[in-house]
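Residues per chain are reported as follows:
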Amino acid sequence: MSPSARSFLLHLGVIAGLFVLCFTLSDYHQGNLARIMVLATYAIGYNVLFGYTGLLSLGHAMFFAAGMYGLGLAMQYGGMSPVPAFAVGILTAAVLSVVVGVLALRTIGVAFMIVTLMFAQSVFLIILYFGTWTRGDEGFVIPQAARQVLGMDLTDPLIRYLAALLLFSSALLITARMMQVRFGRVLIAVRENEERTQMLGYDVFRHKFLAVLISGSISGAAGAAYGLLFGYVGATFASVQYSIFPLLWVLLGGAGTTIGPLVGAVFMFYLIDYSSGFTNAYMLIAGLALVLLVLFARAGIMGEVRRRWAPWLP
Amino acid sequence: MMLLETKLLTKIYGGLTAVEAVDFSLRQGLVHALIGPNGAGKSTFVGMVSGRTPATSGEVWFDGQNISAWPAHKRMRLGMAYTFQITAIYARLSLFENIALAQGMRDQDAALDALGRVGLDERLDQLAGDLSYGHQRLLEFAMGVAQSPRLLILDEPTQGLSESEIAGFNTLIRSLAGETTILLIEHNMDVVMSLADEVTVLQQGRVLSSGTPETVSADPLVQDAYLGRETC
Ligand SMILES: Nc1ncnc2c1ncn2[C@@H]1O[C@H](COP(=O)(O)OP(=O)(O)O)[C@@H](O)[C@H]1O
Ligand SMILES: [Mg+2]
């Protein structure tokens, strides 16, 4: 079987598995998994930039929050229905990505990390500054009555789960395909050796810029979906913590693998969920997991699977 | 027809003039060797031709166009290929992916042909970083060929290779002669004498002498400055 056929089957299998799970899981885990799939979509967006292009951003929460606030404000004050508001959310994140791409990509390495961090801090402060509308830290709730699409109630757990699955599957299949075509292969080339790639005639800046745009837009879609499906919009989602999360998920799950973001998000979510049952220091447990990872599985869970058993893993 | 021309091409690093007002021209189809002692400015000069190193002043013309302000990737697309003095391949990617990226991912057969030319077409799935040093240099050469350039710039391709590997390389370069214009930086004088149609000698950033291998090696200036030292 060709590698692309294998990877297509793998992705289809993962999606089918998640679909079946929604009918077998308890309400509690069903709710968790819906949340995880949205967060994993965020991680997929992050992985495009970090895992495949090799650019480490410390400010992705700004894209997640841009999507969330784009949707939330459009619904709350613009009276928009969910679908156009969702589009507004993605568009907001895309516009922000263009600005960040143009400015931050003038820098590389540590400077890029710092610039993205500063941008995200600015976005966070702007959200707080316009507290009259954004409700700052306290946030605001999107009422159940507004969260209806085509007669379906997005607050219904099953429908919410399926909506999250639709979002996740789209992001997974789109990025997986992207990494098989010329554009994605050049992104990997940029990650592996930027100067060589330029000297082979590829426009490195253009590729990096598009990677920021795609990464930011997918993260924004995840943010918008999070606001819509869980009915809450708040400044916490723009904080540094939410910039670090996708980095951790992707590192844990396997940077530069298609399903690593999901694996990392599941792993981290349940690690914290489980450990917070008996200690307040759950971030300590998460930290410990990362230390172990760095020591024993540097490529992350799926990266390690690829290295040891399945070189074809996308 | 002149494929490549430079006019008063100059590079100044801080206080150091690495390349000074070099006028250079290369006719289509020829193999031109650039020689000179270490630090003469050879790599800097081809860096400015390829766009990898921004020039301080002067012009680069390729195929009748002034490309002085063009970024490197556009120059490559116009028909240049460049191999680095220090091997630059994708160590963590397969040979196939290396050559496919060089070829532009459009024509798989052309990519495989280029690998076949250097005898590496049996190891497509191997990681480039696992190759021996000599094979890595061959891969980089093949990547240059896979770009099917009009001008192939080779910066000391035989550096660090054994005698037999060098001989193999010469055969390869000779097999391209005629179809591809080549700008070759080379230390080994035997290689230069046997391969080059024209030679330019750089010293301290300036052109010391230029012409056929015979006229250059007979030039007293060159004998004093460079060749003389090699023979004694
Ligand atoms: N990036 C750089 N910064 C400062 N000086 C440089 C740089 N690159 C080259 N040089 C200097 O320019 C001169 C020419 O170097 P180079 O072109 O590498 O010589 P060659 O290839 O002929 O050995 C040397 O004196 C070298 O030290
Ligand atoms: Mg040099």
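Per an unreviewed UniProt entry, chain B goes by the name ABC transporter ATP-binding protein and belongs to Roseobacter insulae.

Chain A is annotated in an unreviewed UniProt entry as Branched-chain amino acid ABC transporter permease of Roseobacter insulae. Under the heading Subcellular location (unreviewed entry), UniProt records this for chain A: "Cell membrane".

*Asks:* Talk me through the overall build of chain A; I want residue IDs and the actual numbers.
*Replies:* Scanning chain A from terminus to terminus reveals 14 helices and four strands. The C-alpha atoms of chain A give a radius of gyration of 19 Å, which matches the 20 Å a tight globule of 314 residues would have. If one aligns the C-alpha atoms of chain A with their principal axes, the spans along those axes are about 55 × 45 × 40 Å. Considering only residue pairs separated by 6 or more positions, chain A has 75% of its internal contacts joining residues 24 or more positions apart. About 13500 Å² of surface is accessible on chain A, with carbon and sulfur atoms providing 70% of the total. Side-chain charges of chain A comprise 17 positive and 11 negative groups, with the mean position of each set lying 11 Å from the other.

*Asks:* Outline the interface of chain A and chain B, listing residues and values.
*Replies:* Contacts between the two partners involve 17 residues from chain A and, on the opposite side, 24 residues from chain B. Summed over both sides, the interface between chain A and chain B buries roughly 1900 Å², with carbon and sulfur atoms accounting for 54% of that surface. Remark: the boundary between chain A and chain B carries four salt bridges. Our count for the contact surface shared by chain A and chain B stands at 12 residue pairs in polar contact (both at pLDDT 80 or more). The set of elements that each furnish at least two residues to the side of chain A that touches chain B consists of helix 8 (182-192) and helix 9 (194-198) of chain A. Counting residues per element, the side of chain A that touches chain B draws most heavily on helix 8 of chain A, at seven residues. The residue inventory of the side of chain A that touches chain B, partitioned by class, reads six nonpolar, four polar and seven charged.

*Asks:* Explain the pairing of strand 4 (residues 57-62) of chain B to me, using residue names and the numbers behind them.
*Replies:* All names here are of chain B. Sheet topology note: the strand 1 (residues 2-13)/strand 4 ladder contains five bridges and is antiparallel. Across the sheet, residue Glu5 finds its bridge partner in strand 4, namely Trp61. Pairing analysis gives two bridges linking strand 4 to strand 5 (residues 65-66), with the strands arranged antiparallel. The partner of Phe62 across the bridge, within strand 5, is Gln65.

*Asks:* Give a description of the site of ligand 1 that names residues and reports values.
*Replies:* Residue and element names in this part refer to chain B. Within the structure, ligand 1 sits among Tyr13, Leu16, Ala18, Pro37, Asn38, Gly39, Ala40, Gly41, Lys42, Ser43 and Thr44. Within the backbone of Ala40, a nitrogen or oxygen atom sits 3.2 Å from an oxygen atom of ligand 1. Gly41 places a polar main-chain atom, nitrogen or oxygen, 3.0 Å from an oxygen atom of ligand 1. The protein chains hide 60% of the 560 Å² of surface that ligand 1 would expose on its own. Of all the secondary-structure elements, those providing two or more residues to the shell around ligand 1 are strand 2 (16-27) and helix 1 (42-50). Among the elements that take part in the shell around ligand 1, helix 1 stands out by supplying three residues, more than any other. In the shell around ligand 1, the residues fall into five nonpolar, five polar and one charged.

*Asks:* So what's going on with the sheet that holds strand 3 (residues 31-35) of chain B? Residues and values would help.
*Replies:* Residue and element names in this part refer to chain B. Reading across from one edge, 6-7-8-3-9-10 is the order of the six strands in this open sheet, with mixed pairing throughout. Only two strands of the sheet have a single partner each, and these edge strands are strand 6 (80-83) and strand 10 (206-211). The mean angle between the axes of side-by-side strands here comes to 15°, regardless of whether they run parallel or antiparallel. With four bridges connecting them, strand 3 and strand 8 (residues 181-185) associate as parallel partners. Pairing of Val31 across the sheet is with Ile182, part of strand 8. Across the sheet, helix 5 (residues 133-146) touches strand 6 and strand 7 (151-155), and the angle it forms with strand 7 is around 160°.

*Asks:* Residue-level account of the UniProt feature "transmembrane region" (unreviewed entry) in chain A, with values.
*Replies:* All names here are of chain A. The feature "transmembrane region" (unreviewed entry), as given by UniProt, occupies residues 7-26, 85-105, 112-131, 158-176, 209-235, 247-272 and 281-301 in the numbering adopted here. Across residues 85-105, the secondary structure splits into 95% helix and 0% strand, with the terminal C-alpha atoms separated by 29 Å. The distance from the first to the last C-alpha atom of residues 209-235 is 27 Å, and the span holds 81% helix and 7% strand.

*Asks:* Before we move on, could you go through the confidence of the model for chain A and cite the residues and values that matter?
*Replies:* Detailed conclusions should not be drawn from predicted coordinates in areas where pLDDT is low. With 100% of its residues at a pLDDT of 70 or more, chain A shows a mean pLDDT of 93. Helix 13 (residues 282-296) of chain A is the least confidently modelled element of chain A, averaging 81 in pLDDT, while helix 10 (residues 204-230) of chain A averages 98, the highest of any element.

*Asks:* Give me the lowdown on the packing of aromatic side chains, citing residues and values where you can.
*Replies:* Under the counting rule described, the total for this entry stands at 21 aromatic pairs over all chains. Measuring from centroid to centroid gives 5.8 Å for A:Tyr46 and A:Phe50, while their planes differ by 40°, and the two rings are tilted. Note that A:Tyr46 and A:Phe50 are positioned in helix 2 (residues 27-52) at a spacing of four residues, about one turn of the helix. Each of the two residues, A:Tyr46 as well as A:Phe50, counts as buried. With a centroid separation of 5.1 Å and 55° between ring planes, the pair formed by A:Tyr226 and A:Phe237 is classed as tilted. One end of the pair, A:Tyr226, is in helix 10; the other, A:Phe237, is in the loop between strand 4 (232-233) and helix 11 (240-253), and 11 residues separate them in sequence. Neither A:Tyr226 nor A:Phe237 differs from the other in exposure class; each is buried. Chaining the aromatic ring pairs together yields one cluster made of A:Tyr42, A:Phe64, A:Tyr226, A:Phe230, A:Tyr232, A:Phe237, A:Tyr242, A:Phe245 and A:Trp249. The residue whose ring lies beneath B:Lys7 is B:Trp61, and the NZ or CZ to ring-centre distance is 4.4 Å. The positively charged end of B:Lys74 is found above the aromatic ring belonging to B:Trp70, 4.4 Å away from the centroid.

Reading the values: the criteria
Residues numbered from 1 in each chain as written. Chains lettered and ligands numbered in written order. Predicted model: local features only at pLDDT ≥ 70, side-chain atom pairs only at ≥ 80, totals over all residues. Heavy atoms only, no water. UniProt positions renumbered as here; feature names shortened; annotations may be inferred. Helix = DSSP H or I, 4+ residues; strand = E, 2+ residues; numbered from the N terminus. Rg over C-alpha atoms; globule rule 2.2 N^0.38 Å. Contact = heavy atoms within 4.5 Å. Areas by Shrake-Rupley, 256 points an atom, 1.4 Å probe, with all protein chains shown as cover. Lys, Arg positive; Asp, Glu negative; His and termini not counted. Charge placed at Lys NZ, Arg CZ, Asp CG, Glu CD. Buried area = accessible area lost by both parts, 1.4 Å probe. Salt bridge = Lys/Arg side-chain N within 4 Å of Asp/Glu carboxyl O. Polar contact = N/O pair within 3.5 Å; in protein donor to acceptor, adjacent residues only side chain to side chain. Nonpolar A, V, L, I, M, F, W, Y, C, P; charged D, E, K, R; others polar. Pairing = 2+ DSSP bridges. Near = heavy atom within 4 Å. Axes fitted to C-alpha atoms, helices over the stretch in contact; angles between N-to-C directions. pLDDT = per-residue confidence, 0-100. Phe/Tyr/Trp six-rings, centres within 6.5 Å; stacked < 30°, edge-to-face > 60°. Buried < 20%, exposed > 50% of the residue type's maximum accessible area, 1.4 Å probe, protein only. Lys NZ or Arg CZ within 6 Å of the ring centre and 35° of its normal.

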